[in-house]
Amino acid sequence: MKVEATIGKNMQPLLRVENLVKRYAKRSLAGTPEEFLALDGVCLTVFPGTTLAVVGESGSGKSTLAACLACLESPTAGSIWFEGREIAKLEERASRQIRPQIQVIFQDPASSLNPRWRVMEVLAEPLILQRKFTREEIDRRISSLLERVGLSPDIVERSPTELSGGQRQRLAIARALALEPKLLILDEALSALDCSVQAQIANLLVELQGSLGMTYLFITHDLAMAAQLADEIAVMDRGRIVEQGRAQKILKQPEQETTRQLLAAVPRLTLAPPLLEQ
Amino acid sequence: MKAILEIQDLHVSYRSSGSGLCPALTGVSFGLMPGEIMGVLGESGSGKSTLAGSLVRLLPANARITRGAVQFEGTDLLRANADELRQIRSRRISLIFQEPSLALHPTMRVGEQVRQVLAAHDSLGKSALNEQTRQVFDQVFPEEADRISHSYPHQLSGGQRQRVLIAQAIACGPSVVIADEPTASLDPTTQMEILGVFRNLREKLGLAMIFITHNPALLCGFADRVLVLYAGKVAECGPAETVLASPRHPYTKALFHSIPTVFDRPENTRKTKLPAILGDSARSLPIRGCPFEPRCAGKMDICKEREPAAVNLSASHTVSCFKYES
Amino acid sequence: MRYLLRRLGHALLLLAGVSVLTFLFTALAPGTYFDEMRMNPQIAPETIAALRAQYGLDKPLPLRYVSWLSSLVHGEMGFSFAYNSPVAPLLLVRAGNTLLLTITSTLLAWAIALPLGTWSAERMGRVPDRLLSWGTAMLLVIPDLALALGLLVLAVRSGWFPTGGMASVGFETLSPFNKLRDVALHMILPVTALVLSTLPLLFRHVRAAIADILDAPFLLAALGHGIPKRTLLYRYALPAAANPLISLFGFSIGMLLSGSLLIEVVMSWPGLGPLLLEAILARDLYVVIGGILFSTFFLVGGNLFADLLLYWADPRIRTESNAQ
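Report on the accompanying structure. (Residues numbered from 1 in each chain as written. Chains lettered and ligands numbered in written order. Predicted model: local features only at pLDDT ≥ 70, side-chain atom pairs only at ≥ 80, totals over all residues.)

A count of helical and extended segments in chain C gives 14 helices and 2 strands. Oriented by its inertia axes, the alpha-carbon framework of chain C measures out at about 85 × 60 × 40 Å. The contacts of chain C with a sequence gap of at least 6 include a subset with a gap of at least 24, amounting to 74%. (Helix = DSSP H or I, 4+ residues; strand = E, 2+ residues; numbered from the N terminus. Contact = placed C-beta atoms within 7 Å.)

Below is the structure:
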């Protein structure tokens, strides 16, 4: 099954970021204030139903970008347009409306799920908070969510600590989907998983994009997975986007040195020709 | 040439409350030659960390080594007493833990942590210890060795912390280093750097290494031999070029297929589904027969009844699969 | 440095606030020192009025506070009606007696709790640990009063220990060595009572902190490097477990002047406790304020000390507070 998103020229971007700046203030031991510039004027565009991969080294500012876009941190300067609406500097009530539409999946499934809750409670929480569903409706939605992410229904009684890494990420995805978001930000969501499990979750993501029309912002340092999943790739270095374009082009004809270095560092598994054809 | 470390028929289980003994490793045997890098490929639940821990007898309290022997320099490590073990650890065999941020003491300077390892094995004077610590740091940190040595772990980056762990491991000049997922939490460029550090040390010090990872691509061009672990058993073991380029065991083949590639990519395969292995290793372990059978694409009737024995495909390549039993 | 100054500033503000509140509450409490006198028909009302004027009790409250504050700056803390003497020397002597008791018992309690808690944490879940936990739980449940009274009964029945007070009759006639011996004998019971009442909590905290650390991956990693057990415990485990224990230690210091009140009263130890109790009952205003301020000073000082110790001991806190 192939999902090829057509980026028509008339389509409105789902997310547009303009000159996003994030500064952290630090104080050195001597008492002089130091500033750490995590984001230095980031600009990017994501169209609905597509996947934009943001790749870069650790320290390039990828996670800060994710935090700002998910409204978990407020940027120092710049603007974020979501569905044509400026969301960077919204006050509390308005941002509460926007937040359910942008969900984040983090790298470490263990620390983003409450170990004392059962799966049932983890999934019910976002639904209960919305205050518009009855108990039966919630149960029904939980079943359909579990089915959608490929988890068996008898998992509801287990605690997240009893699940494997892949199962936990599926649970995190299910919880994010409960709010029917338009944009899913995946902050290194696959990096902590085993190789074979990464493939499974990647397939799940492709399937969900096809059936639900989800838009993904896929933040990773794994260029190979980005190559597999992304329509467009943006390369980040020291708080800036140094190159952005269609995935094919970036991988085959990189223009910037940073991109070339990233490509050079990808570990290759060279399979013998007979195996490739199978 | 004789193997420097010989693992013979290792069986390790965990005692869990209520469900008796859970096997973690079953019948694992292999040999490590001096100066050789053996890559152990295993995913979660394969028993790789148990393997690493068993070699230096550093297992959780509920682990039971039920059978087997680990021969090292004339001693069976599984039967050594606490004193002998303490002498061997780090001085003859080193273990590099996963998660450098957790494996370092949070409030002790990293230079001191390396010095402690030296002090535990050599009764040298203070200045001699400091000198040796500096030498070890110079080997692992080509620049800024001094500044880093005075830093605390939380002031260092992931890659730097990993190098500190490596420094601790080589400080006393061991002949074998076991690295358990040393590049797991690092980004690709740092991963390459760390692999470079290991290669360097292998050349300069003639170390033999057991490099445990779940990412086969890391072993390309790095490991000499590759051992594939699945559900606590050895699925395949052979020279790196052979195993990585043309794997024989169905699990190894399926695993390599499910990994996306950047280069040599056939056209129009973007955003298609990867040929992932279905099912979950931890949950689908059959009671008898081949452990990979439930997820195997080429399973046969015999796979459900008996466990496959190791078949010699060549002098140095073994595979445990009924397909190759003739 | 900034951190230190900030904390000192906070501490001073706190002390000032406490002094205002204490002044207010004591002055607002019904009755004054002279009420008893008023009930005595032999004393003329004019005498009482004159006494009141002499002590400034007829002036409005804020004025009294300000004059007290200004005398504080000169090192005087007011005048005691009951003892008919300045408050400061009175408080200092009594505080000294209390500190003698509490410093000894605090040091002793920590000296027992640290090794015992560590030993117990290493054997967590096994019989010796369970016995100790159970025993300390029992001690925790028994009220200090019962402990103190129980020890007194023991003293009376056995005759081994003096039953109260700090010195025997004829103390002045003893040689210096015998003086020390006498005080030490008198100290045994109250110190035992104090140790028994503070030990259980300390023990449990030490045990919990050490048990937490013993599970840490870095200890396992150090074991894997062949670090000997003793070094592991003292150089690796204890420093890592220090944070909660340092805070607790600060709390112990904070309680140095206030924690022993009950035991001092029951065992007639001439410390700050009985003085404060008498003064409150007699409405001896300036003694009450002085005593409370002293205790607060120790409490605040103890916490500040703990924070500084924490800052020095944990490099992560150093970099974090510098990052703010």
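Attention now goes to the interface of chain B and chain C. Each side of the interface is counted separately: chain B has 24 residues, and chain C has 18 residues. Every element with two or more residues in the side of chain B that touches chain C is listed here: α2 (82–88), α3 (100–103) and α4 (110–121) of chain B. It is α4 of chain B that provides the largest number of residues to the side of chain B that touches chain C, a total of 4 residues. Here the residues of the side of chain B that touches chain C are counted per class, giving 11 nonpolar, 9 polar and 4 charged. (Nonpolar A, V, L, I, M, F, W, Y, C, P; charged D, E, K, R; others polar.)

So, on to unusual backbone geometry. All names here are of chain A. At Glu188, a residue that is not glycine, the phi angle is positive and equals roughly 55 degrees. By the element assignment, Glu188 lies in the loop between β7 (183–187) and α7 (195–212). Taking the number of C-beta atoms within 10 Å as the measure of exposure, Glu188 has 21 and is therefore buried. Within the chain, Arg238 stands out as a residue other than glycine whose phi angle is a positive 50 degrees. On the secondary structure map, Arg238 appears in the loop between β9 (232–237) and β10 (240–246). (Buried ≥ 20, exposed ≤ 12 C-beta atoms within 10 Å, placed from the backbone.)

Whenever strands of a sheet pair, they do so through backbone hydrogen bonds, lying parallel or antiparallel. Residues and elements named next belong to chain B. The 8 strands are arranged β6-β7-β8-β3-β9-β10-β12-β11 in an open sheet whose pairing can be described as mixed. Pairing within the sheet leaves two strands with one partner each, and these edge strands are β6 (93–96) and β11 (311–312). Looking at chain direction, strand β3 (residues 37–41) and strand β9 (residues 225–230) are connected through 4 bridges and run parallel. Its bridge partner being in β9, Gly39 is matched across the sheet by Val226. Against the sheet, helix α7 (residues 158–170) touches β6 and β7 (176–180), its axis set at about 165 degrees to β6. (Pairing = 2+ DSSP bridges. Axes fitted to C-alpha atoms, helices over the stretch in contact; angles between N-to-C directions.)

The next subject is the pairing of strand β10 (residues 233–239) of chain B. All names here are of chain B. In terms of burial, β10 is a largely internal element, 6 of the 7 residues being buried. Pairing between β9 and β10: 6 bridges, direction antiparallel. Following the sheet pairing, Arg225 is matched in β10 by Pro239. Between β9 and β10, which pair antiparallel and follow one another directly, the connecting turn spans 2 residues, one of which, Ala231, has a positive phi of 50 degrees.

Residues and elements named next belong to chain B. Taken together, 4 strands build an open sheet; the order of strands is β2-β1-β4-β5 and the sheet is antiparallel. Across the chains shown, the open sheet's two edge strands, defined by having one partner strand only, are β2 (20–32) and β5 (75–76). As judged from the 2 bridges shared by strand β4 (residues 63–72) and β5, these two strands associate in the antiparallel manner. The residue of β5 that forms the bridge with Gln71 is Asp76. Across the sheet, helix α1 (residues 48–55) is in contact with β1 (5–16), β2 and β4; its angle to β2 comes to roughly 70 degrees.

Here we take up helix α6 (residues 165–177) of chain A. Along its 13 residues, α6 of chain A runs 18 Å from first to last C-alpha, staying within 8% of the 18 Å computed at 1.5 Å per residue. Where burial is concerned, most of α6 of chain A is hidden: 13 out of the 13 residues are buried. (Expected span 1.5 Å × (residues − 1).)

On to the pairing of β3 of chain B. Residues and elements named next belong to chain B. The buried count for β3 comes to 5 of 5 residues, which makes it a mostly enclosed element. The alternating pattern of β3 places Ile37, Gly39 and Leu41 on one face and Met38 and Val40 on the opposite face, and all of these are buried. As paired strands, β3 and strand β8 (residues 208–213) are joined by 5 bridges and run parallel to one another. In the strand pairing of β8, Gly39 is matched with Phe211.

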